[in-house]
Amino acid sequence: MSGTYIVTGAAGFIGSNFAKLALEKTDARIIALDKLTYAGNLANLAEISGNPAFEFVKGDITDGNLVRKLIKEWAPSAVINFAAESHVDRSIDSPVSFLQTNVTGTFTLLEAAREYFSSGAAPSDFRFLQVSTDEVYGSLGASGYFTETTPYSPNSPYSASKASADHFAGAYFATYGLPVLITNCSNNYGPFQFPEKLIPLMILKALEGEALPIYGDGSNIRDWLYVEDHCSGILEVIKAGVPGEKYNLGGNCEKSNIEIVNALCEVLEELKPASGNPAMTGKGISRYLDLKSFVKDRPGHDHRYAIDASRVKNDLGWCPVHKFSQGLRKTVAWYLDNLDWCRDISSGKYRMERLGLKGDED
Ligand code: NAD
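Source: prediction; values computed, not measured.

What counts, and at which threshold
Residues numbered from 1 in each chain as written. Predicted model: local features only at pLDDT ≥ 70, side-chain atom pairs only at ≥ 80, totals over all residues. Heavy atoms only, no water. Helix = DSSP H or I, 4+ residues; strand = E, 2+ residues; numbered from the N terminus. Rg over C-alpha atoms; globule rule 2.2 N^0.38 Å. Buried < 20%, exposed > 50% of the residue type's maximum accessible area, 1.4 Å probe, protein only. Contact = heavy atoms within 4.5 Å. Areas by Shrake-Rupley, 256 points an atom, 1.4 Å probe, with all protein chains shown as cover. Lys, Arg positive; Asp, Glu negative; His and termini not counted. Charge placed at Lys NZ, Arg CZ, Asp CG, Glu CD. Polar contact = N/O pair within 3.5 Å; in protein donor to acceptor, adjacent residues only side chain to side chain. Pairing = 2+ DSSP bridges. Axes fitted to C-alpha atoms, helices over the stretch in contact; angles between N-to-C directions. Core = buried A, V, L, I, M, F, W, Y, C linked by side-chain atoms within 4.5 Å. Near = heavy atom within 4 Å. Nonpolar A, V, L, I, M, F, W, Y, C, P; charged D, E, K, R; others polar. Right-handed = clockwise from strand over helix to strand, strands pointing away.

Caption draft 1: View of the overall build of the protein. When you go through the protein residue by residue, the secondary structure sums to twelve helices and twelve strands. The globule rule puts the C-alpha radius of gyration for 362 residues at 21 Å, and the 20 Å found for the protein is close to it. For the protein, buried positions account for 55% of its 362 residues. A sequence separation of at least 24 residues applies to 82% of the contacts in the protein between residues at least 6 apart. Of the roughly 15000 Å² of accessible surface on the protein, 50% is carried by carbon and sulfur atoms. Counting 35 positive and 44 negative side-chain charges, the protein places the centres of these two groups 1 Å from one another.

Caption draft 2: Quick look at the side chain of Ser186. Of note, Ser186 is situated in the loop between β6 (180-185) and β7 (187-189). Engagement of the side chain of Ser186 in a polar contact is seen with the backbone oxygen of Asp223, the distance being 3.0 Å.

Caption draft 3: Layout of the sheet that holds β6. Strand order in the open sheet made by the seven strands is β3-β2-β1-β4-β5-β6-β10, with parallel pairing throughout. Edge positions in the sheet fall to β3 (54-58) and β10 (246-249), since each of these pairs with one other strand and no more. Neighbour to neighbour, the strand axes of the sheet diverge by 20° on average, direction disregarded. The pairing of strand β2 (residues 29-34) with β3 spans five bridges and is classified as parallel. Its bridge partner lying in β3, Ile31 is registered against Glu55. Sheet contacts for helix α4 (residues 96-118): β1 (4-8), β4 (78-81), β5 (127-133) and β6; angle to β5, the most-contacted strand, approximately 165°. Each of β5 and β6 is contacted by helix α5 (residues 157-176), which is oriented at about 155° to β5, the strand it contacts most.

Caption draft 4: View of helix α6 (residues 198-207). The element α6 is extensively covered by neighbouring structure, given that nine of its ten residues are classed as buried. Listed as buried for α6 are Ile199, Pro200, Leu201, Met202, Ile203, Leu204, Lys205, Ala206 and Leu207. In the stretch just after α6, Gly209 is the one whose phi turns positive, near 70°.

Caption draft 5: Local environment of the nonpolar core. Among the nonpolar cores identified, the biggest contains 38 residues, and Tyr5, Phe18, Ile80 and Ile234 are the most heavily contacted of them. Among the elements that take part in this core, helix α1 (residues 13-25) stands out by supplying seven residues, more than any other. Ignoring sequence-local partners within four residues, the contact set of Phe18 consists of Val7, Ile80, Phe82, Cys231, Ile234, Leu235 and Ile238. If you look at the next biggest cluster of nonpolar residues, it comprises 34 residues, including Ile214, Leu264, Val332 and Tyr335.

Caption draft 6: Region of interest: the site of the ligand. Residues in contact with the ligand amount to 28 residues; listed here are only the nearest, Ile14, Asp34, Ser86, Tyr158 and Lys162. Taking Asp60, its side chain carries an N or O atom lying 2.9 Å from a nitrogen atom of the ligand. In this structure, an oxygen atom belonging to the ligand sits 2.6 Å away from a side-chain N or O atom of Tyr158. Computed on the free molecule, the ligand has an accessible area of 830 Å², of which 97% lies beneath the protein chains in the complex. Of all elements in the fold, only α1, β5, α5 and β7 reach the threshold of two or more residues within the shell around the ligand. The greatest single-element share of the shell around the ligand, amounting to three residues, is contributed by β5. In terms of residue class, the shell around the ligand is made up of twelve nonpolar, twelve polar and four charged.

Caption draft 7: Highlighting the pairing of β2. Most of β2 is tucked away: five of the six residues are buried. The pairing of β1 with β2 spans five bridges and is classified as parallel. Looking at the pairing, Thr8 lines up with Leu33 of β2. Traced from β1 through α1 to β2, the parallel crossover comes out right-handed.

Caption draft 8: Layout of the pairing of β5. For β5, the buried fraction is high: seven of the seven residues fall into the buried class. Where burial is concerned, the two faces of β5 agree: the one with Arg127, Leu129, Val131 and Thr133 and the one with Phe128, Gln130 and Ser132 are both buried. Both β4 and β5 contribute to a ladder of four bridges, which runs parallel. Paired with Ala78 across the strands is Arg127, a residue of β5. Bridge analysis of β5 against β6 gives six bridges, and the strand direction is parallel. By the bridge assignment, Gln130 is partnered in β6 with Ile182. The β-α-β motif built from β5, the intervening α5 and the parallel element β6 has right-handed crossover chirality.

And the structure:
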């Protein structure tokens, strides 16, 4: 794979992992476009910032002039849209930025891509890939899986905004023939995830000897995928996906939140035993597991997500290579080795506080 990829949201968790993998596995030049919100950090791109095939542009995907200018200048073979407001709890407290970035921003990119594609300036294999989530499908009961034909039924402002963006993307294929691909992926984990999300939040709180806040009774289930596997799936979809199609990406790895927290505590006991951690011994707490604390559930909390990823396996030959235990260990080890990164990126507004209760008392 070669040419130029415009990668939006490349300073965030998945986008930065994707930019690194794409530079390693393809000959593509990467133009990263990112607004650098609280979730975007140039530190996430430090290892590739000197690469001559990599360029960073600070900017907003809702800025039509900028997006058109970049597309004209770089004549990309793909636009890959990771840029988003991505945290469900924030979408409950303040949904408007989700509407702006996730809906208007995606629309702005689609318009610029349509203009480019219809002008004949785009290469014949041009692709617009919309990175989406399994949350657009709503909630499952105890059985069943999301397939690519499951109707959208979003329940949070976040998932509603992602669903809306996906509908625009699909409409641009159906109406204008823009070669759009959509990937719907399950929960990611791995290095460089902003510590407001479950796994890094729990690691950092445990290391500080703070309570581990588990929403509701901890029984909500997500399907977990190691971030590098998600990124390799996206590369496959760009290479061989059929325009107009959707592809579900998942880890076939359902875990309840309480299982995740238990597993994390076990790995932490191995890599950084509580008995040798002054933040724990100072409080007289002997095991990370004893930090578990059940808190009020998230409003509208979907019970279960589970992905059927057989289309991408059968059609494109993709499947995840990381086992959960291996990915989790790598993730915990990465956070332990990168506590400075955590400190630096958390030093702004976000201080690992609970969000998303609509002003209710906890
Ligand atoms: P993230 O919050 O870590 O990163 C988002 C990035 O987008 C940040 O760098 C931010 O600065 C940038 N951004 C936000 N608004 C912007 C704007 N208006 N213009 C330009 N850049 C802007 O998110 P993530 O977890 O890396 O998720 C990336 C994408 O993958 C999102 O579209 C998300 O919906 C999707 N996704 C995430 C997961 C997951 O588990 N994290 C799962 C499935 C799909």
